Each structure stands twice: as C-alpha cells, then as structure tokens.
Amino acid sequence: MATIVVKQIGSPIRRPAIQRETLKGLGLNKMNRTRELEDTPAIRGMVAKIPHLAMIIEERG
C-alpha cells in the first residue's frame, strides 16, 4: 500500500467552511501537523483543493 505524508502549512482562520472541512477530512487541525495517509485519488484531490493550506511532503512506497 502506497502512502503519502501530508503537512498543514496554513491556518484555516478566515477561510471558507468547505476548506476547513477538507482539512478536518485529512485529519489536520493545527499548524505544521503531519499525517500519513493512503495514496488515493480522493486524498490527492482533497490536497489539490487546498494547496495554500496543505501540501504533500513525502511519498512512500
């Protein structure tokens, strides 16, 4: 199973509700937190929707 590491790089303060919910869906809620998630098109799509708030920092195997 391939995984990716996603890091929150921006604050959800003063962002639209849908962007805050996307961060919650990725399991991110505080600045500079990271999560290791399964590499699926859905997860990549969620990160692509909020590139100013989250980024992929590593891809694992």
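Residues numbered from 1 in each chain as written. Predicted model: local features only at pLDDT ≥ 70, side-chain atom pairs only at ≥ 80, totals over all residues. Heavy atoms only, no water.

(A) Broad picture of the side chain of Thr22. Positionally, Thr22 belongs in helix H1 (residues 17-25). Take Thr22: its relative accessible area is 15%, and that puts it in the buried class. In this structure, Thr22 is in contact with Met46 and Ile50, ignoring residues within four places of it in sequence. (Helix = DSSP H or I, 4+ residues; strand = E, 2+ residues; numbered from the N terminus. Buried < 20%, exposed > 50% of the residue type's maximum accessible area, 1.4 Å probe, protein only. Contact = heavy atoms within 4.5 Å.)

(B) Quick peek at unusual backbone geometry. Positive phi outside glycine occurs at Arg14, with the angle close to 60°. The residue Arg14 is located in the loop between strand S1 (3-8) and H1 in this model. In this structure, Asn32 takes a positive phi of about 65° despite not being glycine. Relative to the helices and strands, Asn32 resides in the loop between H1 and strand S2 (34-38).

(C) Quick look at the side chain of Gln8. For Gln8, the position within the fold is in strand S1. What makes Gln8 buried here is its relative accessible area of 0%. Polar contacts involving the side chain of Gln8 include one to the main-chain amide nitrogen of Asn29, which spans 3.4 Å. At 3.3 Å, the side chain of Gln8 forms a polar contact with the backbone nitrogen of Lys30. Residues within four places of Gln8 in sequence aside, it is in contact with Leu23, Leu28, Asn29, Lys30, Met31, Asn32, Arg33, Leu53 and Ala54. (Polar contact = N/O pair within 3.5 Å; in protein donor to acceptor, adjacent residues only side chain to side chain.)

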